[in-house]
Structures are given as structure tokens and as C-alpha cells.
Amino acid sequence: MNDKLFQERIDAEKKIEPKDWMPEDYRKHLIRQISQHAHSEVIGMQPEGNWISRAPSLRAKMILLAKVQDEAGHGLYLYSACETLGISREELVKQLHDGKAKYSSIFNYPTLSWADMGAIGWLVDGAAIVNQVSLQRTSYGPYARGMVKICKEESFHQRQGYEIMAEMAKGTPEQKAMAQDALNRFWWPSIMMFGPQDSDSPRTGNAMKWKIKRQFNDELRQNFIDQTVGQAEVIELIIPDKDLKWNQQREHYDFGEMDWVEFWSVVNGNGPCNKQRLDHHKKAHDEGEWVRNAAKAYAKKQELVAN
Ligand code: 3HC
């Protein structure tokens, strides 16, 4: 097998499996993307986890608990998919702690009110669904199969967030103002989840050639905006973009220029909560060492008993 035959397999829509030959750059690209995806799922538990003890009702608490637990599971699926590429969980976590691996910029913004739980479910999980539905067709088998499972759970995440926003938008004036404030703060960071413009995207070329990604960053961003504007109108919230306007010719919404200075600043570690998120992850990882050691000791004992 060689690069040319490998590319022919990709072009023929054949899934690449862990034991298949693959170019080293394909393997490395996948490790980057899948590990950052996994880190995003786990770090993403923090902004929502902060509100579990402050949920306004038992029902709201149970829903948020279930969602945060789902995200942990999504992280585990993705770390497992990444490990099939020959890298250990320990190494993946070390790359995160050493700042060598990224996670989605969106999770570096603070969650200031209960309405933020609605905005995250509606917008962040909504954006993740657009991105992840496309990734169900990614060329790497374990990643594609993980996406199918994750997408099934994401729709619940998006619906529960939209329900929170709809309830608050038709509530008291204070509740509606809280929901609008959350939309104002989360709208632009949510559309930044789709990455830089394709013209500025150093990885998209290979990602598309190897069918790791099936759609361009800008195309996915546009799809998300087109589907979300109507949802905001139904609950009478206003999207904070004065240039947002339906373009009949394009049959898409035109939208304003994103703040790419903010985007790259947050991506490169200088967002409002980057340090807080990583410090929390490091502390939790250190505190959980005894659990990992106990699990390893148990597995070793089982191995001895079995042999
Ligand atoms: N946040 C953090 N880093 C980002 C980013 C963002 N919004 N957008 C781009 N980047 C990083 C890329 O990872 C890449 O970094 P690297 O070179 O160190 O690997 C660099 O900026 C250049 O960006 P590119 O556009 O060239 O990179 P990609 O082509 O990989 O596109 C991506 C970036 C769209 C994030 C793509 O990697 C992707 O689709 N990843 C899989 C999906 C994913 O990770 N989603 C994150 C959210 S998961 C989530 O929301 C959980 C849900 O349950 C709430």
C-alpha cells in the first residue's frame, strides 16, 4: 500500500480501519482532530456543570445532569477512537495539560446565568450537531461510528436548551431580558466553533482531500446560521448581528464580519476562561489518580486470576 493506493481507497469511499495502512500525516491529522474533539466534550462539562446545583427546578436539574453525563460519554467514545491510532490516553491528557492540544473555543466563555444553559444547548449543541452530522461520513471508521452514536444524543441536548430559551423568552420581562443577554453573549462565539474561514484554514485542505471533513468550515457555519435564525424569530429573541439579512439570490442569510482577532486570541489560549478551564481539568485529573490506579490494580488482579 502507498499514498496513491490509499487515496484511491479514500476516493472510493472506503472506510479506513485501525489496522489498515495509512499515511503518517493522515494518522497525525486524525489524532489532532479527534483528541481536540474529545477534549472539547470533557472541558465542555465545566461551564454547564457549574449550574447543576443552581438549576431552578428538580426537572431542570435532572435534564442538565443527564446532558453533562452524556458529554462525558462522548469524550470517552472519542478518546477510545483516538487510541485506535496508537496514542495513549495519558499522552492525550498530557498534550491538553501542556497546551499542545486545543479544545473548542466556545468553552472558554463564562456561564453567567441560567439562560446560558439554554443558549449553550440551543446554539453550542446546535452548532455541534451541524458539524457532527457531517462528520458521520468521515473516512476513519472508529470516528464515523462514534459520531453516529453521539449525534443521537445531541438532538436531546439541543432541544432541552431551546426549551429553556423558549420558556424564558415568554416569561417575565426579566426572564426574557436574561435570555436575550445569553443570546447576545453566545451567538458569535457559537459560530466561531466552525473554525476559521476556509481561506485561512491551514488544515482544511488535507482534511477534505482525505475526507476527514466532508464539508468546509464556511459551509457548515452558513448551514447553522440559516437553520437558527428562524428558531430565534419563533421565540422572539433578536440575533445580535445588524448585518443579518436573507439574501434571496444566494438563498442564505448574509451575516456580519466575525471578530477574527477575538477568535484566534481565544483559540490560542487567551480567552476569558482558558486558564480556569485547564486548571480545573488538571486538579480533577490529579484528584482522580487514585481511581485510575485502583482500576488498573483491579484489572491486573483479574488478569492474574484468569491466567
Ligand atoms: N476552537 C478551538 N480551536 C479551533 C477552532 C475552535 N473553534 N477552530 C479551529 N481551531 C484550531 C484547529 O483545531 C487547528 O488547530 P491545530 O492546527 O492546532 O490542530 C487550527 O485552529 C486551524 O484551524 P483549521 O480550521 O485549519 O482546523 P480544522 O480544519 O481542524 O477545523 C474544527 C477546526 C472545525 C474544530 C475541526 O477540527 C472539527 O470539525 N473538529 C471536530 C468537531 C469538534 O471538535 N467540535 C468541537 C466542539 S465539540 C462540542 O461542541 C461538544 C458538544 O457536545 C457541545
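A. Fine view of the packing of helix H2 (residues 24-43) against helix H7 (residues 141-169). At a closest axis distance of 13 Å, the pairing of H2 and H7 adopts a crossing angle of 25°. In terms of axis orientation, H2 runs roughly parallel to H7. Judged by the twist between their axes, the crossing of H2 over H7 is left-handed. Between H2, through Leu-30, Gln-33, Ile-34, His-37 and Glu-41, and H7, the contact on the second element is made entirely by Tyr-143, Met-147, Ile-150 and Glu-154.

B. Representation of the environment of Asp-226. Take Asp-226: it is sitting in helix H10 (residues 217-234). Remark: the alpha-carbon pair of Asp-226 and His-157, spanning 69 residues in sequence, is separated by 19 Å. Within polar-contact distance, the side chain of Asp-226 engages the side chain of Gln-222 at 2.8 Å.

C. Fine view of the site of the ligand. Surveying the vicinity of the ligand reveals 33 residues, the closest of which are Arg-32, Gln-36, Lys-102, Ser-201 and Arg-203. Within the side chain of Ser-201, an N or O atom sits 2.8 Å from an oxygen atom of the ligand. Isolated, the ligand exposes 980 Å² of accessible area, and the fraction of that covered by the protein chains is 93%. Elements with a minimum of two residues in the shell around the ligand: H2, helix H6 (115-135), H7 and helix H11 (260-270). Sorting elements by how many residues they give to the shell around the ligand places H2 first, with six residues. Looking at the shell around the ligand residue by residue, the classes come out as 14 nonpolar, 11 polar and eight charged.

D. The pattern of salt bridges, seen in detail. A complete count under the given rule lists 23 salt bridges for this structure. Here Lys-4 makes a salt bridge to Glu-8, at a shortest N to O gap of 2.6 Å. With Lys-4 and Glu-8 both in helix H1 (residues 3-11), this residue pair falls four residues apart, about one helical turn. You can call Glu-8 partly exposed: its relative accessible area is 40%.

E. How the structure looks around the packing of aromatic side chains. Inspection of every chain in the model, using the stated rule, returns nine aromatic pairs. Aromatic side chains Tyr-26 and Trp-210 sit 5.8 Å apart centroid to centroid with 90° between the ring planes, which places their arrangement in the edge-to-face category. With Tyr-26 in helix H2 and Trp-210 in the loop between helix H9 (204-209) and H10, the pair connects residues that are 184 residues apart, well separated along the chain. Residue Trp-210 is classed as buried on the basis of its relative accessible area of 6%. Centroid distance Trp-246 to Tyr-253: 5.0 Å. Interplanar angle 75°. Geometry classified as edge-to-face. Judged by relative accessible area, which is 38%, Trp-246 ranks as partly exposed. Using a relative accessible area of 15% as the deciding quantity, one classes Tyr-253 as buried. Ring pairs connect the aromatic residues Phe-6, Trp-21, Tyr-26 and Trp-210, which therefore count as one cluster. The ring of Trp-51 has Arg-54 lying over it, and the distance from NZ or CZ to the ring centre is 3.9 Å.

F. Structural context of unusual backbone geometry. One non-glycine residue, Glu-13, adopts positive backbone phi at about 65°. Checked against the element boundaries, Glu-13 lands in the loop between H1 and H2. When its relative accessible area of 45% is taken as the criterion, Glu-13 is described as partly exposed. Non-glycine residue Glu-236 carries a positive phi angle of around 55°.

About the cut-offs
- Residues numbered from 1 in each chain as written.
- Predicted model: local features only at pLDDT ≥ 70, side-chain atom pairs only at ≥ 80, totals over all residues.
- Heavy atoms only, no water.
- Axes fitted to C-alpha atoms, helices over the stretch in contact; angles between N-to-C directions.
- Helix = DSSP H or I, 4+ residues; strand = E, 2+ residues; numbered from the N terminus.
- Parallel < 35°, antiparallel > 145°, perpendicular 65-115°, else oblique.
- Left-handed = near helix turned anticlockwise from the far one by under 90°.
- Contact = heavy atoms within 4.5 Å.
- Polar contact = N/O pair within 3.5 Å; in protein donor to acceptor, adjacent residues only side chain to side chain.
- Near = heavy atom within 4 Å.
- Areas by Shrake-Rupley, 256 points an atom, 1.4 Å probe, with all protein chains shown as cover.
- Nonpolar A, V, L, I, M, F, W, Y, C, P; charged D, E, K, R; others polar.
- Salt bridge = Lys/Arg side-chain N within 4 Å of Asp/Glu carboxyl O.
- Buried < 20%, exposed > 50% of the residue type's maximum accessible area, 1.4 Å probe, protein only.
- Phe/Tyr/Trp six-rings, centres within 6.5 Å; stacked < 30°, edge-to-face > 60°.
- Lys NZ or Arg CZ within 6 Å of the ring centre and 35° of its normal.

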